[in-house]
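# Observations on the three-dimensional arrangement
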Amino acid sequence: MSRSENLLPRQLGDAHIRLLRIYKAVVESGGFSAAEVELNISRPAISLAISELESLLNMRLCNRGRAGFALTKQGEEVYDATLQLLGGLENFRARINAINTELKGELNIGITDNMVTVPQMRITRALAALKARGPEVIINIRMIPPKDIESGVLDGQLLVGVVSEQRSLPGLNYYPLYDEQSVLYCSNEHPLFDRDNSGLSDSELSQYDAVLPAFPQSAEIKQQQALLKASASSTDREGIAFLILSGSFIGFLPTHYAKQWLREGRLKAIQPEKRSFTTHYTAITRKGARNNLIRDAFMEELEKQPKSSSQT
């Protein structure tokens, strides 16, 4: 077969693009072994793909062996051309997405538990506005722990997340949402309910069993909780509410979430001016992510909603 008969075909298919992506990963990883983690395929499969690409191009792209991995001169030029091609494909996708203004597809969003009772309802109203703009948009909500929300946004499984502001990860954008106040409560079946708690000391308070959250907390929150006698834990705030309402434990709840039981006379705040803290909530998206009309539309609607704090 002559050289001219064995050039890259005029029409590139997905199989050809796949080979070039593998080649790009190998070059940028510095060899076959290092590329295994990046590509999540075996070294023999990588070697086979590179050999197939070399056969397709009728040129040797790299030297591999005991001396190590090194690109040939032709391999360097093919790498540069690959970057141009793949970059052009991404630019094409971005331009098409920008041209196509019809909202169709899915919004996958992860939200921390028990935020539906926040009075401002910024998330709820933004979802309603998104649905009005794009009736065919499918909305998928996952109620999962903050760490899972962060990882879901980073790996692309979630377009948007809503988490408490505990740390700042370099791969995420942060958009302030709420300031949420939490207060220490007991139930109407607890000994502290009928007592005047205005003079309750830290040492007295530490004699009562308390439920603490089993998820990351800020330094301010940990300082408040350090005064309590940790006798139970919960992975979410609904579990904390269950235990407080049992009458056997005291614990912190957001004021907006506890409001219904306060109104019914089933909960009482314990020294709210002293036993309280504020949690800041943010919406997160992935830095450098491709343009996504649905995500961008939702974030636009979220930004339009009033930003007043939820202290009631």
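Now for a description of the structure that goes with this document. (Residues numbered from 1 in each chain as written. Predicted model: local features only at pLDDT ≥ 70, side-chain atom pairs only at ≥ 80, totals over all residues. Heavy atoms only, no water.)

## With respect to the overall build of the chain
Helix and strand counts for the chain come out as 11 helices and 11 strands. In summary, the chain has a C-alpha radius of gyration of 28 Å against a globular reference of 20 Å for 312 residues, an excess of more than 25%. Along the three orthogonal principal directions, the C-alpha set of the chain runs to about 95 × 50 × 25 Å. Separation between the mean location of the 36 positive side-chain charges and that of the 36 negative ones in the chain comes to 4 Å. (Helix = DSSP H or I, 4+ residues; strand = E, 2+ residues; numbered from the N terminus. Rg over C-alpha atoms; globule rule 2.2 N^0.38 Å. Lys, Arg positive; Asp, Glu negative; His and termini not counted. Charge placed at Lys NZ, Arg CZ, Asp CG, Glu CD.)

## Focus: the packing of helix 5 (residues 122-133) against helix 11 (residues 293-304)
The angle between the axes and the distance between the axes are what describe a pair of packed helices. Two elements in contact, helix 5 and helix 11, have axes whose closest approach is 8 Å; the angle formed by their N-to-C orientations is 130 degrees. Classed by the angle they form, the pair helix 5 and helix 11 counts as oblique. Two packed elements cross with a definite hand, and for helix 5 against helix 11 that hand is right-handed. Touching Arg122, Ile123, Ala126, Leu127, Ala129, Leu130 and Arg133 of helix 5 are Ile294, Ala297, Phe298, Glu300, Glu301, Leu302 and Glu303, all from helix 11. (Axes fitted to C-alpha atoms, helices over the stretch in contact; angles between N-to-C directions. Parallel < 35°, antiparallel > 145°, perpendicular 65-115°, else oblique. Left-handed = near helix turned anticlockwise from the far one by under 90°. Contact = heavy atoms within 4.5 Å.)

## Looking at the environment of Leu86
Relative to the helices and strands, Leu86 is located in helix 4 (residues 73-99). Using a relative accessible area of 6% as the deciding quantity, one classes Leu86 as buried. In sequence terms Leu86 and Gln181 are 95 residues apart; their C-alpha atoms lie 48 Å from each other. Apart from residues lying up to four places away in sequence, Leu86 is in contact with Ile17, Arg21 and Lys24. (Buried < 20%, exposed > 50% of the residue type's maximum accessible area, 1.4 Å probe, protein only.)

## A look at the pattern of salt bridges
Counted by the stated rule, this structure contains 13 salt bridges. The salt bridge partner of Arg64 is Glu54, with a shortest N-O separation of 2.9 Å. Residue Arg64 is located in the loop between strand 1 (62-63) and strand 2 (70-71), and its partner Glu54 is located in helix 3 (residues 43-57); the two are separated by 10 residues in the primary sequence. Here Glu300 makes a salt bridge to Arg133, at a shortest N to O gap of 3.2 Å. (Salt bridge = Lys/Arg side-chain N within 4 Å of Asp/Glu carboxyl O.)

## Focus: the pairing of strand 5 (residues 160-164)
With five of its five residues buried, strand 5 lies for the most part within the structure. Judged by which residues are buried, strand 5 turns out to be covered on both faces: Val160, Val162 and Ser164 on one side and Gly161 and Val163 on the other are all buried. Across three bridges, the pairing between strand 3 (residues 105-111) and strand 5 is parallel. Of the residues in strand 5, the one forming a bridge with Gly110 is Gly161. (Pairing = 2+ DSSP bridges.)

## Observations regarding the nonpolar core
Burial of nonpolar side chains together is a common tendency in soluble globular proteins. Of all hydrophobic cores here, the largest spans 23 residues; its most connected members are Leu107, Ile123, Leu130, Phe298 and Leu302. Sorting the residues of this core by element identifies strand 3, helix 5, strand 5, strand 6 (172-187), strand 11 (276-286) and helix 11 as the ones contributing at least two each. Here the element with the most residues in this core is helix 11; it accounts for five residues. Beyond its immediate chain neighbours, meaning those up to four positions away, Leu302 contacts Arg122, Ile123, Ala126, Leu177 and Ala283. Core analysis: the next-biggest nonpolar cluster, separate from the first, contains 18 residues, Tyr23, Ile46, Ala49 and Met59 among them. (Core = buried A, V, L, I, M, F, W, Y, C linked by side-chain atoms within 4.5 Å.)

## Brief notes about the packing of aromatic side chains
Applying the stated rule across the entire model yields three aromatic pairs. With 6.1 Å between their ring centres and 55 degrees between their planes, Phe32 and Phe69 make a pair best called tilted. Of this pair, Phe32 sits in helix 2 (residues 32-39) while Phe69 is found in the loop between strand 1 and strand 2, placing the two residues 37 residues apart along the sequence. Judged by its relative accessible area of 24%, Phe69 falls in the partly exposed class. With a centroid separation of 5.0 Å and 50 degrees between ring planes, the pair formed by Phe252 and Phe277 is classed as tilted. One end of the pair, Phe252, is in strand 9 (residues 251-254); the other, Phe277, is in strand 11, and 25 residues separate them in sequence. Grouping residues by exposure puts Phe252 and Phe277 together as buried. (Phe/Tyr/Trp six-rings, centres within 6.5 Å; stacked < 30°, edge-to-face > 60°.)

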